[in-house]
Amino acid sequence: MGLEKLHPFDAKKFSKAWSLLLNEFGDEISALSTIVTTPATNEALEIVHSREYLTSLQQSKTIASVVEIPALRFIPGFVLQKGLVDSARYATAGTLLATRQALESSIVFNIGGGFHHAFSDHGEGFCFFADAAFALETLRAERKISPTDKVLMIDLDAHRGNGFTSFYENDKSVSIFDLYNMQVYPGLKQGEPDDFPFIIPLRAGLNSDEYLKTLKTELPLFLDSNPHPTLAFYNAGTDIVATDKLGALSVSYDAVKERDRFVVDLLREKNIPTVIMTSGGYSNDSYKLIADLASYLIRTSACGIFNNYCHNALIGTA
Ligand SMILES: [Zn+2]
């Protein structure tokens, strides 16, 4: 509808990533993937969002505020719902579906999701729905995850996951690792750093070597201090790449690939059921990096080294 011209987000990046995977794997992709057919409804989303907020998404001004394009307030609400909010509903349903599958001992990749700036009563930073919290709370309500089961969030998007943190700051069962650029939205986390040692601020312009050194030092420490988790979410935001319009870091394309491989290999080594979400990415490299990670998961799943841990799955919301 032309809305994408008003925003740094490449609206076609998920379908472009999917095309790359189709080219590489052909029909094999169909056997590995699940297409989301049912969007997340307001009724279901009330488990994490207020009814007032969900109702307010019928209004153009609310949608305009979430995606930070003031001009959208003059476009009819039903047009924006179809073009923007409904896509987020499918991606959010995808994260729940991925989480269900991940609990069967696998790594599941939602090609979409990772909306870590959505709060209970409002959305911001392009995020309408708190998809990871929605998935976790839905599975807790179904007693598939108990309130004491350890759940991890590894958030490597360039921006700090203020929305996800707002849900779980006081929940000792959920531990958060967040490597973020403190000089871009939403900025430095306030408070005593010793209280959240793994919410780690980075400075703008940080290069590949410094980024990977920090990650490879801190993430193993985080995993060691949270043994035997039931589930991990990995927000694999591609906006850390140097060409990104919003992330303001200087990490190379190849270093982003190395980051993803390092995280996936570590989680796989420890047999941690994992849901990967794509989160933010505002460069022309984003779709290629997404496809590369999916490709890596597929290519390494046949290894047989990880026992019953070789069943990766893709969730397509494209
Ligand atoms: Zn981001």
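Look up: the structure comes first, before these words.
First, a word on what this report is: a plain description of the structure on this page. Given the structure is predicted, the values throughout are model-derived calculations rather than measurements.

### With respect to the coordination of the zinc ion
Every protein donor of the zinc ion is listed here as D157 (OD), D157 (OD), H159 (ND1) and D239 (OD), and their distances to the metal cover 2.0 to 2.8 Å. Classification of the site at the zinc ion as irregular follows from its 4 donor atoms and the range of 52 to 153° in their angles at the metal. In the primary structure, the donors to the zinc ion are separated according to the pattern D-x1-H-x79-D.

### Here's the deal with the pairing of strand β7 (residues 274-277)
Alternating positions in β7 separate into two faces, T274 and I276 on one and V275 and M277 on the other, with burial throughout. As paired elements, strand β6 (residues 231-235) and β7 share 4 bridges and run parallel to each other. Bridged to Y234 within β7 is I276. Each parallel crossover has a hand, and the one from β6 via helix α10 (residues 253-269) to β7 is right-handed.

### A short note on unusual backbone geometry
Each neighbour pair has its own omega, and for Y185 with P186 the value is -5°, a cis peptide bond. Tracing the backbone shows P186 in the loop between β4 (174-181) and β5 (199-202). Unlike most non-glycine residues, S279 shows phi in positive territory, near 50°. Residue placement: S279 occurs in the loop between β7 and α11 (286-300).

### Overview of the packing of aromatic side chains
Within this structure, the stated rule accounts for 8 aromatic pairs. Taken together, a centroid distance of 6.5 Å and an interplanar angle of 65° make the contact between F164 and F233 edge-to-face. Here F164, found in helix α8 (residues 162-168), pairs with F233, found in strand β6; they are 69 residues apart in sequence, far enough to count as distant. As far as the burial class goes, F164 and F233 line up, both buried.

### Details of empty space enclosed by the protein
The final tally for this structure, using the stated rule, is 1 cavity of 30 Å³ or more. Around the largest cavity, the lining is made up of 13 residues, and of these F115, H116, D131, A132 and F164 lie nearest the centre. Elements supplying a minimum of two residues to the lining of the largest cavity: α7 (131-141) and α8. At 3 residues, the largest contribution of residues to the lining of the largest cavity is made by α7. Here the residues of the lining of the largest cavity are counted per class, giving 8 nonpolar, 4 polar and 1 charged.

### Here we look at helix α6 (residues 77-102)
Compared with the 38 Å implied by 1.5 Å per residue over 26 residues, the 35 Å span of α6 between its first and last C-alpha is a close match. Of all bends in α6, the biggest is about 35°, found at V85.

### Notes on the layout of surface pockets
Approximately 380 Å³ is the volume attributed to the second largest pocket. The wall of the second largest pocket is formed by 18 residues, among which E169, V174, I176, D195 and F196 lie closest to the centre. The set of elements that each furnish at least two residues to the lining of the second largest pocket consists of α8 and β4. The dominant element in the lining of the second largest pocket, judged by the number of residues it contributes, is β4, at 3 residues. Tallied by class, the residues present in the lining of the second largest pocket amount to 8 nonpolar, 4 polar and 6 charged.

Conventions adopted
Residues numbered from 1 in each chain as written. Predicted model: local features only at pLDDT ≥ 70, side-chain atom pairs only at ≥ 80, totals over all residues. Heavy atoms only, no water. Donors = N, O, S within 2.8 Å, 3.2 Å for Na, K, Ca; no water. Tetrahedral: all angles 85-135°; square planar, octahedral: opposite > 155°, others 65-115°. Buried < 20%, exposed > 50% of the residue type's maximum accessible area, 1.4 Å probe, protein only. Helix = DSSP H or I, 4+ residues; strand = E, 2+ residues; numbered from the N terminus. Pairing = 2+ DSSP bridges. Right-handed = clockwise from strand over helix to strand, strands pointing away. Phe/Tyr/Trp six-rings, centres within 6.5 Å; stacked < 30°, edge-to-face > 60°. 1 Å grid on protein atoms, 1.4 Å probe; cavity = no way out; pocket = protein on both sides within 12 Å on 5 of 7 lines; lining within 4 Å. Points joined across faces, edges and corners; volume = space filled by probe spheres on them. Nonpolar A, V, L, I, M, F, W, Y, C, P; charged D, E, K, R; others polar. Expected span 1.5 Å × (residues − 1). Bend = angle between axes of the 7 residues up to and from the residue.

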